[in-house]
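Geometric and topological summary
So the chains spell out like this:
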Amino acid sequence: MTRNETSGSGTDKKIWVNARISTMVPQADMIDEGVIIVRNGMIEYVGPRDNAPAFDRTNAVDCGGRWILPSFIDCHTHLIYGGNRALEFEMRLAGASYEDIAKAGGGIISSVKATRALSVEQLADQALPRLDTLIAEGVSTIEIKSGYALTIEGELNMLRAARRLAKLRPVRILTTWLAAHATPPEYKDRKADYIKDVVLPGLRAAHAEGLVDAVDGFCEGIAFSPDEIALVFDEAKRLGLAVKLHAEQLSDLKGARLAASYGALSADHLEYLADEDAAALARAGTVAVLLPGAFYTLREKQLPPVDALRQAGASIALATDSNPGTSPLTSLLMTMNMGATLFGMTVEECLAGVTREAAKALGLADRTGTLGVGKSADFTIWSVERPAELLYRMGFNPIHARIFKGETFASSPTGAF
């Protein structure tokens, strides 16, 4: 279990009937007239009514023929930060270049300044509306990265705020140390010193405080080289922490190959991934996490090699990449639409990408992401005729109820039935 994980609080058996169920287990058929039985927050039975053990229907929730799917998982977010970057968005629309925006105090450094200025409580308060928007779409599990303070205490505060959010809302939050996101102004042209002075000792402090579940880095020409990332990964492995990597977003530095060599949970972005490196991800069991929100916001032209990933047998997940600059997106429903429309993914791939494959990308496949006996009772009830509607519509949320660890919540993230 993650450090913020607890088992379901209820001890009574809970039953949902008259549902169409997609378990998202590979090759499993849709279940018509389906039943889910839950005890102590865990699934005890999921399957057709005819095969279900005897139960008292008077105590069951009638789903009215609605669809049940595993709850969504957003496996790549930067949900905690200070301020916003709407001004530079406006400047870009008016024709300003990246350099113009940077000279005006924009870019990641503006987020760094705003983030450093906030307390743990303020960081959590600013993130809550973003978190609530995701929860309202049926999200049960969210990964949150640091990476916008770029000092030891500031990065720790970001992760402290993430842990705080898990106490304020019924949601599972995993945290990721991403101090190797950018080099702050005070370390300009001194990346090695920044890694030595901030990234590595900060990681050790985060681990000692129980704040970190995984370690990430940004492997790119404008960020850190594979050799520099390897130093961070070596420390993560020494501490027994899983790794993941922002890779091949803007160029091919073979970051994904590096991630695979470390048995990384995921390699993310991947627009410039070489076809042959898709096979390396598949062999390592490293999930390819695609982020169409950043592709859309940056008006990119280079598509991730979805066909090569398919042919290699790599797992493909989708995530919002919710962040203030390049993907100010807080909707997995819209993310799935983008995955289908922009990247050519199928309905099945998109739904699996925010459930089963996203769980793999967080190391949670044994606990959530599919519906099966012994799994956490994390599922969502949808008022749709077919699951494709969840991708097809834009700006429309047909959620009926969200069940997290066996407890039922209305579409409002804080309102229980």
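Residues take numbers from 1 onward in each chain, read along the sequence in its written order. Local features in a predicted model are, by the rule used here, given only for residues with pLDDT of at least 70; side-chain atom pairs are given and counted only at 80 or more, and totals for whole chains, interfaces and linings are based on all residues. The side-chain quantities take in all heavy atoms of the structure and omit both hydrogens and water.

Here we look at the nonpolar core
Heads up, the condition is: Nonpolar core, defined: a set of buried Ala, Val, Leu, Ile, Met, Phe, Trp, Tyr and Cys residues in which side-chain atoms within 4.5 Å join the residues together. Each residue is placed in one exposure class: buried if its accessible area under a 1.4 Å probe, protein chains only, is under 20% of its type's maximum, exposed if it is over 50%, and partly exposed if it falls in between. Each helix corresponds to a stretch of at least 4 residues labelled H or I by DSSP, and each strand to a stretch of at least 2 residues labelled E; elements are numbered beginning at the N terminus. Where each domain starts and ends comes from a domain assignment, either automatic or drawn from a database. We call two residues in contact when some of their heavy atoms are within 4.5 Å.
Residues W177, M336 and L390 are the most contacted members of the largest nonpolar core, which totals 97 residues. When residues in this core are grouped by element, the largest group, eight residues, is from helix α4 (residues 120-135). In this structure, this core is formed jointly by two domains, domain 1 (14-71 + 370-410) and domain 2 (72-362), each of which donates at least three residues. Discounting residues that sit within four places of it in the chain, M336 has contacts with F72, L318, C350, L351, V354, L390 and L391.

Observations regarding the pattern of salt bridges
Stated formally: Take a side-chain nitrogen of Lys or Arg and a carboxyl oxygen of Asp or Glu: if they are within 4 Å of each other, that pair is a salt bridge.
Enumeration over the complete set of coordinates arrives at 27 salt bridges. For D277, the salt bridge goes to R257, with nearest N and O atoms at 2.7 Å. With D277 in helix α9 (residues 275-284) and R257 in helix α8 (residues 255-261), this residue pair connects regions lying 20 residues apart in the sequence. Taking the relative accessible area as the measure of exposure, R257 reaches 40% and is therefore partly exposed. Taking the shortest distance from any N to any O, the salt bridge between E349 and R310 comes out at 2.6 Å.

A short note on the UniProt feature "binding site: Zn(2+)" (unreviewed entry) in the protein
This is how it is decided: UniProt positions are given in the numbering used here, feature names are shortened, and annotations may be inferred rather than shown by experiment.
According to UniProt, the positions carrying the feature "binding site: Zn(2+)" (unreviewed entry) are H76, H78, H246 and D321. Spanning 246 residues, the annotated positions come together in the fold, the maximum distance between their C-alpha atoms being 12.3 Å. For H78, the location among the structural elements is in the loop between β6 (72-74) and α1 (86-93). The contacts of H78, once residues within four sequence positions are left out, are K145, S146, Y148, L178, H181, H246, D321, S322 and N323. With a relative accessible area of 2%, D321 lands in the buried category.

Regarding the sheet that holds strand β8 (residues 172-180)
To keep things clear, this is the line we draw: Note: two strands are recorded as paired if DSSP finds a minimum of 2 bridges between them. Note on method: axes are straight lines fitted to C-alpha atoms, helices fitted across the in-contact stretch only, with angles between N-to-C directions ranging 0 to 180 degrees.
Here we have eight strands laid out as an open sheet, ordered β6-β7-β8-β9-β10-β11-β12-β13, and parallel in their pairing. Each end of this open sheet is capped by a strand with a single partner; those strands are β6 and β13 (316-318). Direction aside, the axes of adjacent strands within the sheet are offset by 25° on average. As paired elements, strand β9 (residues 214-219) and strand β10 (residues 242-247) share four bridges and run parallel to each other. The partner of F218 across the bridge, within β10, is H246.

Some remarks on the environment of A124
Take A124: it is sitting in helix α4. Residue classification places A124 among the buried residues on the basis of a relative accessible area of 0%. Sequence-wise, A124 and S266 are 142 residues apart; in three dimensions their C-alpha atoms are separated by 26 Å. The contacts of A124, once residues within four sequence positions are left out, are A161, R164 and L165.

Points about the UniProt feature "binding site: 4-imidazolone-5-propanoate" (unreviewed entry) in the protein
We apply this condition: We define a polar contact as two N or O atoms separated by no more than 3.5 Å, with the added condition that, inside protein, one atom must be a possible hydrogen donor and the other a possible acceptor, whereas residues neighbouring each other in sequence contribute only through side-chain atom pairs.
Residues given the UniProt feature "binding site: 4-imidazolone-5-propanoate" (unreviewed entry) here are R85, Y148, H181, Q249 and T326. Note that H181 resides in the loop between β8 and α6 (191-208). When neighbours within four sequence positions are excluded, H181 is seen to be in contact with H78, I108, G147, Y148, F218, A223 and F224. Within polar-contact distance, the side chain of H181 engages the backbone oxygen of G147 at 2.9 Å. Along the polypeptide, T326 turns up in the loop between β13 and α12 (332-343). Residue T326 is classed as partly exposed on the basis of its relative accessible area of 25%. Once residues within four sequence positions are removed from consideration, T326 is found in contact with G293, A294, T297, L298 and D321.

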